[in-house]
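The chain contents come next:
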Amino acid sequence: PALSLLHLAVWRCPHLGSRAEVRPMGRDSRSPSRGKRGGSRSRSRGRKDSRSPSRGGGKRKPDDYGVDTMKITDDDAAFILGKGGKTKEKIARVSEAEIELFERDLILELRGSKLQRRRAKKYAEGVMAQRTGPVTITEDYDDGDLTMLQVPQEAVGFVTGRAGNFLRTIEEEWCTLMFFCEVGGGGRQKDYEKLAIFGSVRGRRGAELKVLSAVETKVPGYYGRIKDEVISRDKGRDESGTWGTDTMTFQDDELSYALGKQGGTRKKLEKSSGAIVQYVGQTALFSGTRTERKRAKEYIKWLFDQLEGPLYVEDWDKRDDCTVVEVPGDCIGYITGARRAALGAMEEEWGVLMFFMSRKDSRGGRGGESEKLMICGPERARRGAELKVMSSVETKNPGAFTRGVREKESSERDFDTNRMLFKDDELSYALGKQGATRKKLATASGAILQYVGQVAFIAGSLKERRRCREFVTWLLAQRRGSVTIASIEGRDDATEMHIPDNCKGWVTGNRGSELRRMETETGTYMFMALDERGEERLIIFCHDAGSKSAPKGRMAAERLLDEMIQ
């Protein structure tokens, strides 16, 4: 059946069945909900930029930026907020608008461009209408953000999942809003139900193919009946004008290899190529720009070529999607791990594809010869994986990458790498137990931080590199006593909190254990520092301001601290 948007559609939302509790208001009737807290002990330079995660702090506002408001009921507020505020955050992400719910006045405020506000209002109305019945949608609901997919009736429950969990998982993965629909004036079509998917071209496509993969499992052969429509959908509808979908058919024994354990191989192909890679039955679909699709097909060909024997990619040094590391022969087994476990873990961590290259007539690392390890993926991910390999090789073969290396401070604004040399007694402190301190500083700064021998490699943008170096410097200074940070004025990565004297021991815990726990939980870096007057306060550092419901970022750390103090 043709998928025409001229039909009227009725929404049912399987994942908004349970009513969320609306938390009590904060200080005044025009303040958004802040939980139980009446006032804040903190001052954040970045707070005004963190109203919703889709806002994007320093971005220039569009010319048609404005504010719309919607008057809602108390029951509507519960549905808009959702459990833990997740539904509101989801609407904000998908619409790319800023959304604030003023619970005492029962007003929903929408900020953004005209299109962003229109989409946010449309999504909010769809969510609220679930309480009272189905919502009728006409063709003018499509603002270039809608995909309608017919799902066979026998697969609807399978696609929805228990209490809508499967749809929610797809929404979270692809940043979409998804509703099952009834076609027509309210009656249910016998054989099919329509699924409305709202979001960007990439998000809708990823969600659609994930649903199709599940449907094909339940109703084999369904994809074959609609494949022409699926493949041609949204062709050329991206900024590059090259968006499209290519396909490849697997033989029976190829599918399991291309899928990998728990879908791991498919996922790494997707992340490394930048294309959407999904398997529907025996067919692989690659959606993305022309370059992304080409890479995905090349990568999967290389995977299969490895089954036939040694693989060598000619002209690898002329490609912009590959990095090659020379691994000494006595380190190859250490880097690979048992049954490729170590290499697989690095691929999963950084979203890259990695394999050793050798020509058919080479000895392949035997006899102490080095071998080329090829890393495929985006620049940042490749650098992260490369530094991880270098660190491992340096552990096994000291001096392999650091002999004669000096400090480096790059002024490049875009992605680059700095180097910082540690003294003997500094490395273990900056590393932490099982690398926890290093990971914490990397997460909070937004940079890649890896220790190769006694050298810290810091990769990222100029701002990220400088921030990370500051964090490392402050960390090492704490060993000698209190650190003074006169002011955080002008910083967009810091929130300061004044902790009452009688609560400081409670907040920090035994040897800082409570602060470390909260840092790990929220992806932040926190410590007590003196200001210009010599007074002590707690500073929370993180490049991510967070939001009222997000589990990561400075606002999440602030909430945890307030709960402890209260």
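Nothing here was measured: the structure is a model prediction, and the numbers come from that model.

Participant: So what's going on with the environment of Gly199? Which residues, and what values?
Facilitator: For Gly199, the location among the structural elements is in the loop between β9 (192–198) and α6 (201–218). Here Gly199 falls in the buried class, since its relative accessible area comes to 6%. For the pair Gly199 and Leu177, spaced 22 residues apart in sequence, the C-alpha to C-alpha distance is 6.7 Å. Beyond its immediate sequence surroundings of up to four residues, Gly199 is in contact with Val94, Tyr123, Asp145, Cys175 and Arg204.

Participant: Talk me through the packing of helix α9 (residues 264–273) against helix α10 (residues 290–308); I want residue IDs and the actual numbers.
Facilitator: The contact between α9 and α10 brings their axes to 9 Å, and the two run at 140 degrees. Judged on the interaxial angle alone, α10 and α9 are oblique. The handedness of the crossing between α9 and α10 comes out as right-handed. Along the contact surface, α9 presents Thr265, Leu269, Ser272 and Ser273, while α10 presents Glu292, Arg295, Ala296, Tyr299, Ile300 and Leu303. Its residues placed into classes, the contact of α9 with α10 shows five nonpolar, three polar and two charged.

Participant: Please give an account of the sheet that holds strand β16 (residues 416–421) that cites residues and values.
Facilitator: Spatially, three strands are ordered β16-β18-β17 in an open sheet, and the strand pairing comes out antiparallel. In this open sheet, the two strands that pair with only one neighbour each are β16 and β17 (448–452). Neighbouring strand axes in the sheet, compared pairwise and without regard to direction, differ in orientation by 20 degrees on average. Pairing between β16 and strand β18 (residues 455–460): six bridges, direction antiparallel. Along β18, the bridge assignment pairs Arg419 with Phe457. Packing against the sheet, helix α13 (residues 379–396) makes contact with β16, β17 and β18, and its axis sits at approximately 20 degrees to β17.

Participant: Lay out the packing of helix α12 (residues 341–350) against α13 in plain terms, naming residues and giving numbers.
Facilitator: Each packed pair of helices is defined by two parameters, the angle between the axes and the distance between the axes. At their nearest, the axes of α12 and α13 sit 9 Å apart, and the two run at 150 degrees to each other. Between α12 and α13 lies a crossing whose hand is right-handed. Side by side, α12 and α13 meet where Met346, Glu349 and Trp350 of the first sit next to Ala381, Gly384, Ala385, Lys388 and Val389 of the second. Residue composition of the contact of α12 with α13, by class: five nonpolar, one polar and two charged.

Participant: An account of unusual backbone geometry is requested, with residue identities and associated values reported.
Facilitator: Within the chain, Cys175 stands out as a residue other than glycine whose phi angle is a positive 55 degrees. Looking at the element boundaries, Cys175 is found in the loop between α5 (165–174) and β8 (177–183). A residue is classified by how much of its surface remains accessible, and Cys175, at 29% relative accessible area, is partly exposed. Although it is not a glycine, Gln262 sits at a positive phi angle of roughly 55 degrees. Relative to the helices and strands, Gln262 is located in the loop between α8 (252–259) and α9. Judged by relative accessible area, which is 74%, Gln262 ranks as exposed.

Participant: Explain the packing of aromatic side chains to me, and be specific about the residues and the numbers.
Facilitator: Inspection of the entire model under this criterion finds 17 aromatic pairs. A centroid spacing of 5.8 Å and a plane angle of 40 degrees characterise the contact between Tyr257 and Phe304, whose relative ring orientation is tilted. Of the two residues, Tyr257 sits in helix α8 while Phe304 sits in helix α10, which places them 47 residues apart along the sequence. Residue Phe304 is classed as buried on the basis of its relative accessible area, which comes to 16%.

Analysis parameters
- Residues numbered from 1 in each chain as written.
- Predicted model: local features only at pLDDT ≥ 70, side-chain atom pairs only at ≥ 80, totals over all residues.
- Heavy atoms only, no water.
- Helix = DSSP H or I, 4+ residues; strand = E, 2+ residues; numbered from the N terminus.
- Buried < 20%, exposed > 50% of the residue type's maximum accessible area, 1.4 Å probe, protein only.
- Contact = heavy atoms within 4.5 Å.
- Axes fitted to C-alpha atoms, helices over the stretch in contact; angles between N-to-C directions.
- Parallel < 35°, antiparallel > 145°, perpendicular 65-115°, else oblique.
- Left-handed = near helix turned anticlockwise from the far one by under 90°.
- Nonpolar A, V, L, I, M, F, W, Y, C, P; charged D, E, K, R; others polar.
- Pairing = 2+ DSSP bridges.
- Phe/Tyr/Trp six-rings, centres within 6.5 Å; stacked < 30°, edge-to-face > 60°.

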